[in-house]
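An overview of the molecular structure
Take a look at the letters that make up each chain.
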Amino acid sequence: MTDNVSREPMLDMFIFETLQLLDQLEQSLINSEKESGFESSIDEIFRIMHTIKGSAAMMLFDDISKLAHSIEDLFFYLREEKPENVNSTEIIDIVLNGVDFIKNETVKLENGQEPDGDASDLIKEIRDYLGNLKSINNAGSDSPDSESSHTLEVEKDQKYYISSNKAASTPKSHKYEAVLKFEEQCGMENIRAFSVIHDLKEIADVNYFYPEDVIDGGGKSENSEIIQKDGFRVVFSTDLGLDEVKERLSHTILLKSLDVYVINEDLEDIMGDMPDTRETELKEQELKMDGKANVLNDSSQASEQNEHSSGRQLSNEKKTGPSADNTASSSKQSVISVNIAKLDKLMDLVGEIVISEAMVTQNPDLEGLQLDNFHKAARQLNKLTNELQDVVMSIRMVPLSMTFQKMNRIVRDMGKKLNKSIELEIIGEETEVDKNIIERISDPLIHLIRNAVDHGLEDPDERVAKGKPPAGKITLEAKNAGGDVWIFVKDDGRGLDREKILKKAREAGLIHKPENELTDKEIYSFIFTPGFSTKENVTEFSGRGVGMDIVSNNISMVGGTIFVDSVPDNGTTISIKLPLTLAIINGMSIKVGKSRYTIPTISIKESFKVKNEAVITDSEGNEMIMVRGEVYPVLRLHKFYKINTEVTNINDGIIVMVESDSRVICIFADELLGEQQVVVKALPKYIKKVKGIGGCTLLGDGSISLILDVAGLVS
Amino acid sequence: MKRILVVDDAGFMRASLKMMLERNGHQVVGEAENGLVAVTKYKEIRPDIVTMDITMPVCDGIKAVKMIKEFDPDAKVIMISSMGQECFVRDAILAGAKGFIVKPFKEDYVIQAIEKL
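How each quantity is defined
Residues numbered from 1 in each chain as written. Chains lettered and ligands numbered in written order. Predicted model: local features only at pLDDT ≥ 70, side-chain atom pairs only at ≥ 80, totals over all residues. Helix = DSSP H or I, 4+ residues; strand = E, 2+ residues; numbered from the N terminus. Buried ≥ 20, exposed ≤ 12 C-beta atoms within 10 Å, placed from the backbone. Contact = placed C-beta atoms within 7 Å. Nonpolar A, V, L, I, M, F, W, Y, C, P; charged D, E, K, R; others polar. UniProt positions renumbered as here; feature names shortened; annotations may be inferred. Pairing = 2+ DSSP bridges. Axes fitted to C-alpha atoms, helices over the stretch in contact; angles between N-to-C directions. Parallel < 35°, antiparallel > 145°, perpendicular 65-115°, else oblique. Left-handed = near helix turned anticlockwise from the far one by under 90°. pLDDT = per-residue confidence, 0-100. Expected span 1.5 Å × (residues − 1). Core = buried A, V, L, I, M, F, W, Y, C linked by C-beta atoms within 7 Å.

The next point concerns the overall build of chain A. Of the regular secondary structure elements, chain A holds 23 helices and 22 strands. Counting across all 715 residues of chain A, residues that qualify as buried make up 36%.

Let's shift gears to the overall build of chain B. From N to C terminus, chain B includes five helices and five strands. Helices and strands in chain B line up, N terminus first, as β-α-β-α-β-α-β-α-β-α. A buried classification covers 45% of the 117 residues belonging to chain B. Across chain B, contacts joining residues at least 24 apart in sequence account for 58% of those joining residues at least 6 apart.

Turning our eyes to something else, we now look at the interface of chain B and chain A. On the chain A side, the residues contacting the 13 residues of chain B number 15 residues. Among the elements that line the side of chain B that touches chain A, the one with the most residues is helix H4 (residues 86–95) of chain B, at six residues. When grouped by side-chain class, the residues that make up the side of chain B that touches chain A number eight nonpolar, two polar and three charged.

In this section: the UniProt feature "modified residue: Phosphohistidine" (unreviewed entry) in chain A. Residues and elements named next belong to chain A. The positions that UniProt labels "modified residue: Phosphohistidine" (unreviewed entry) are, in the present scheme, His50. Secondary-structure assignment places His50 in helix H2 (residues 42–58). Judged by the 26 C-beta atoms lying within 10 Å of it, His50 falls in the buried class.

Right, let's talk about the sheet that holds strand S19 (residues 663–669) of chain A for a bit. Residue and element names in this part refer to chain A. An order of S14-S18-S19-S17-S16-S15 is seen for the six strands of this open sheet, with the pairing classed as mixed. A single partner strand is all that each edge strand has here, and the edge strands are strand S14 (604–608) and strand S15 (615–617). Each adjacent strand pair in this sheet contributes to an overall mean axis angle of 35°, direction not counted. Relative to S19, strand S17 (residues 630–636) is paired through three bridges, and the arrangement is parallel. Considered in S19, the bridge of Leu635 is made with Ile667.

Residue and element names in this part refer to chain A. Taken N-terminus to C-terminus, the directions of helix H17 (residues 435–456) and helix H21 (residues 548–557) make an angle of 150°; their axes are 9 Å apart at the nearest point. The angle between H17 and H21 places the two elements in the roughly antiparallel class. Classified by chirality, the crossing of H21 by H17 is left-handed. Between H17 and H21, the contacting residues are Arg440, Ile441, Asp443, Pro444, His447 and Leu448 on the first element and Val551, Asn554, Ile555 and Met557 on the second. A per-class count over the contact of H17 with H21 returns six nonpolar, two polar and two charged.

Our next topic: the packing of helix H3 (residues 62–81) of chain A against helix H5 (residues 120–136) of chain A. Residue and element names in this part refer to chain A. Between H3 and H5, the least distance of the axes is 9 Å, while the angle of their chain directions is 15°. For the element pair H3 / H5, the angle class is roughly parallel. Our pair here, H3 against H5, has a crossing hand that is left-handed. Taking contact as the criterion, the partners of Lys66, Leu67, Ser70, Ile71, Asp73, Leu74 and Tyr77 in H3 are, on H5, Leu122, Ile123, Ile126, Arg127, Tyr129, Leu130, Leu133 and Lys134. Across the contact of H3 with H5, the residue classes break down as 10 nonpolar, one polar and four charged.

Right, let's get into helix H3 (residues 61–71) of chain B. Among the residues of H3(B), those classed as buried are Gly61(B), Ile62(B), Ala64(B), Val65(B), Met67(B) and Ile68(B). Structurally, H3(B) contributes buried residues whose contacts are with strand S1 (3–7), helix H2 (35–45), strand S3 (49–53), strand S4 (76–82) and H4 of chain B.

So, on to the confidence of the model for chain A. Residue and element names in this part refer to chain A. Within chain A, residue pLDDT values average 75, and 79% of them lie at 70 or more. Low pLDDT (under 50) marks residues 1–7, which in the prediction has seven contacts with non-local residues, meaning those over four places away or in another chain. Across residues 536–546 the pLDDT falls below 50, and counting only partners more than four positions away or on other chains, this stretch makes 19 contacts in the model.

What follows covers the UniProt feature "modified residue: 4-aspartylphosphate" (unreviewed entry) in chain B. All names here are of chain B. When the UniProt feature table is mapped onto this chain, "modified residue: 4-aspartylphosphate" (unreviewed entry) is found at Asp53. Position of Asp53 relative to the elements: it lies in strand S3. In contact with Asp53, other than residues within four places in its own chain, are Val7, Asp8, Asp9, Met13, Gly61 and Ile80.

All right, on to unusual backbone geometry then. For residues that are not glycine, phi is negative in most cases, and the peptide bond is trans in most cases. Residue and element names in this part refer to chain A. In the Ramachandran plot, Leu254 falls in the positive-phi region, its phi being about 60° despite a non-glycine side chain. Summarising the element assignment, Leu254 is placed in the loop between helix H9 (242–250) and strand S4 (255–263). Here Asn419, not a glycine, exhibits a phi torsion of approximately 60°, which is positive. By secondary structure assignment, the location of Asn419 is in the loop between helix H16 (401–418) and strand S6 (422–427).

Glancing now at the sheet that holds S6(A). All names here are of chain A. Within the open sheet, the five strands sit side by side as S6-S8-S9-S11-S10. Their pairing is mixed. Looking at the sheet topology across the chains shown, the edges are occupied by S6 and strand S10 (561–567). Neighbour-to-neighbour, the strand axes of this sheet turn through a mean angle of 15°, independent of strand direction. The pairing of strand S9 (residues 484–491) with strand S11 (residues 571–579) spans seven bridges and is classified as antiparallel. By the bridge assignment, Val485 is partnered in S11 with Leu578.

Moving on to the confidence of the model for chain B. Residue and element names in this part refer to chain B. Residues with a pLDDT of 70 or more make up 98% of chain B, whose mean pLDDT is 87. Predicted confidence in chain B is weakest over helix H1 (residues 11–23), with a mean pLDDT of 83, and strongest over S1, with 93. Interface confidence for the predicted complex, expressed as ipTM, amounts to 0.83; the pTM equals 0.47.

Residue and element names in this part refer to chain A. Turning to its location among the elements, Val179 is positioned in strand S1 (residues 174–182). Residue Val179 is classed as partly exposed on the basis of its 18 C-beta neighbours within 10 Å. Once the C-alpha coordinates of Val179 and Val260 are considered, the two residues, 81 residues apart in sequence, prove to be 6.4 Å apart.

The subject of this paragraph is H1(B). Taking 1.5 Å of rise per residue, the 13 residues of H1(B) would be expected to cover 18 Å, and the 18 Å separating its terminal C-alpha atoms lies within 8% of that figure. The first or second residue beyond H1(B) is Gly25(B), which carries a positive phi of 85°.

Attention now moves to the pairing of strand S12 (residues 584–592) of chain A. All names here are of chain A. For S12, the buried fraction is high: seven of the nine residues fall into the buried class. Here S12 pairs with strand S20 (residues 671–679) via eight bridges, running antiparallel. By the bridge assignment, Ile585 is partnered in S20 with Val678. Examined bridge by bridge, S12 and strand S13 (residues 595–600) share six bridges and lie antiparallel to one another. Across the sheet, residue Ile590 finds its bridge partner in S13, namely Tyr597. Count of turn residues in the S12/S13 antiparallel hairpin: two residues, of which Gly593 carries a positive phi of about 60°.

This paragraph deals with the nonpolar core. In terms of nonpolar packing, the biggest core is built from 65 residues, with Val50(B), Met52(B), Met79(B) and Ala92(B) touching the most fellow members. Apart from the residues lying within four places of it in its own chain, the contact partners of Met79(B) are Met52(B), Ile54(B), Gly61(B), Val89(B), Ala92(B), Ala97(B) and Phe100(B).

Residue placement: Met414(A) occurs in helix H16. Taking the C-alpha atoms as reference points, Met414(A) and Asp454(A), 40 residues apart in sequence, are found 8.0 Å from one another.

This brings us to the environment of Thr431(A). Residue and element names in this part refer to chain A. In this fold, Thr431 is placed in the loop between S6 and strand S7 (432–434). Using a count of 19 C-beta atoms within 10 Å as the deciding quantity, one classes Thr431 as partly exposed. The spatial distance from the C-alpha of Thr431 to the C-alpha of Lys479 is 6.1 Å, given a sequence separation of 48 residues. If we ignore the near neighbours within four places in the chain, the residues touching Thr431 are Pro399, Leu400, Ala478, Lys479, Asn480 and Val485.

Okay, structure coming up:
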């Protein structure tokens, strides 16, 4: 096992877990600020810092570890001494700085860089603050003790790091894995497992166990079921021999069967010694758990070292249970984390399979043949591929909560800088969207929130003068509607300035029709034009004139649409419509000459034949059709893309009416070929961007169809 | 043959445990209806094993385990618990109980547990 190969998973896990913990921590801190006290969250904050400290020390990231340690010390003091006169906002500011540092370093790691940041200033600041706090609050005689024992703890931690070529050196000489099964219906298997752990701790260092959160007693029936089915697995190190260990464990009450294996330190060996019945999936979990458990073990070790009562140790462990629950993927053993690249690959493959399926079932060779059995089998295949597609799709769906929760921090920071008090309401954060889409809307959302805080919300004085509550309110809402996800960013601020936007639009020469014909919506939409900003003063956060157009671009890149609505002095609402996924759409295939195009079915309103007489031509030669009293422009695809076709007479072809952004055009094509699901592929880079083409797809017969970007066509 | 102290506030439970134990060749050397009585009787009788209910008036099973273990660190106590008392069972184990049986229990399991210790 070379250094590189073996270090990767540990590092990945460290990054993954640390980032997750930091997000949690940020959340707790912000909640604490709202409650202006740490009562409810101090244990969690303390635990998170403790965990990060431990894992960073294991990975030898000194700065992170030391910084986490200093924050932990601070909260240790707060928790144990409960000093009065604590300015929680000050503390939160300091800690958030620390969190940012650790986050930065972790992101560096994620990008393959060295975590080279210097935390000494931050550490000093925190230590000074703690020192101050202590002197102000006349620290009792025991607090220096607790700190020194704390320092001891760190030294212990540092001995405990794991590196690939120097496996963790536990002082105990033998390492065992035991699988215990209990009698059927003996009840409370999780507590029995807990009892086993408790018992083992007298004679051994317990390294890890599965299921993991048996310590948290309350109602974990699924753990009981796992134990009932697969047994309870525990790995521990001890000086005792195999027979002695067996003897000890066999005294467990209501034990049905017991297997004990001797194992070596290496991960691979653990896997090798696993009972045959275990499948690869479990092994993957194993890998993950091993890392996690090391952290766990470390924390319980540390508190033992700390010479606190076993009660304290227990409280530490208790906390580990439920909190691990929050980080869904790391504690629920039924969840594994998968590299997103693999998922993308899987998605691609499924796409190819869908196409291949069409290639087979719609194969031209089959035309005119009587193939009852073939069609039966084909239907089955079709059903399965659809299912497969749905499943793969659902794997990629991620709730918006992480993205939404990030906004708390942004709102808080900006509110402080701009002296505005702001309440952020989050609704529907459980709404799920394709992972790729989430990644790409995060920045636009941040931008919208910033805009709302900076431009939208008034200063408290101004708000009071207008008869509004002094605290501004921003609502971030997500919901499912049909095949789309809607996200709303709503503020109750001053609203957009219609006149200012109009003036600016006039100056920029954006207005192409009489001003009195412009609807409010059209006027507000000017803010999405490049370089458009009515804010005279550029602030740190927004108003540089780049922004809304980029937001709008980013949204349309993921197939979404953005709308703006505003009522003066009542606030602005930005609505974003997003597709659930980017990869597969329902499309209507149309033919123009020898080319095929696909129109996303979602944007089709209707299709119909028209007579020549229904076509109106204006003075510039633009064709229009009157449908139910409304006039719509006609876009002849063969003209637009300069394609040779025999069908140039409106009578002979077909009209497809499409809508985007509440603008409608009628596309003229030779004929409709039919509706089918298509896998969207980006146009290759060597093809220059063509107006109105959003991508391409492979058809069943292997030919290529260009996917029309309706939004691009109508504009 | 083990000498057993049965602790439970419900007479019915004590009686059924006693019946099960005795018909498998063990001897119930004492009964107690709450934790305090249990501790006193333990000191008097020094049984091999105690079966201990958790929820009892005056002094619950967990406190009783603690007191018994203080008096005799080698004391062997088996908790008798109901479903949903996971937290209490855990506390009892931390207090030194050797194991537990979940109500409603099977005779086999009770005997097995008693004989394991």
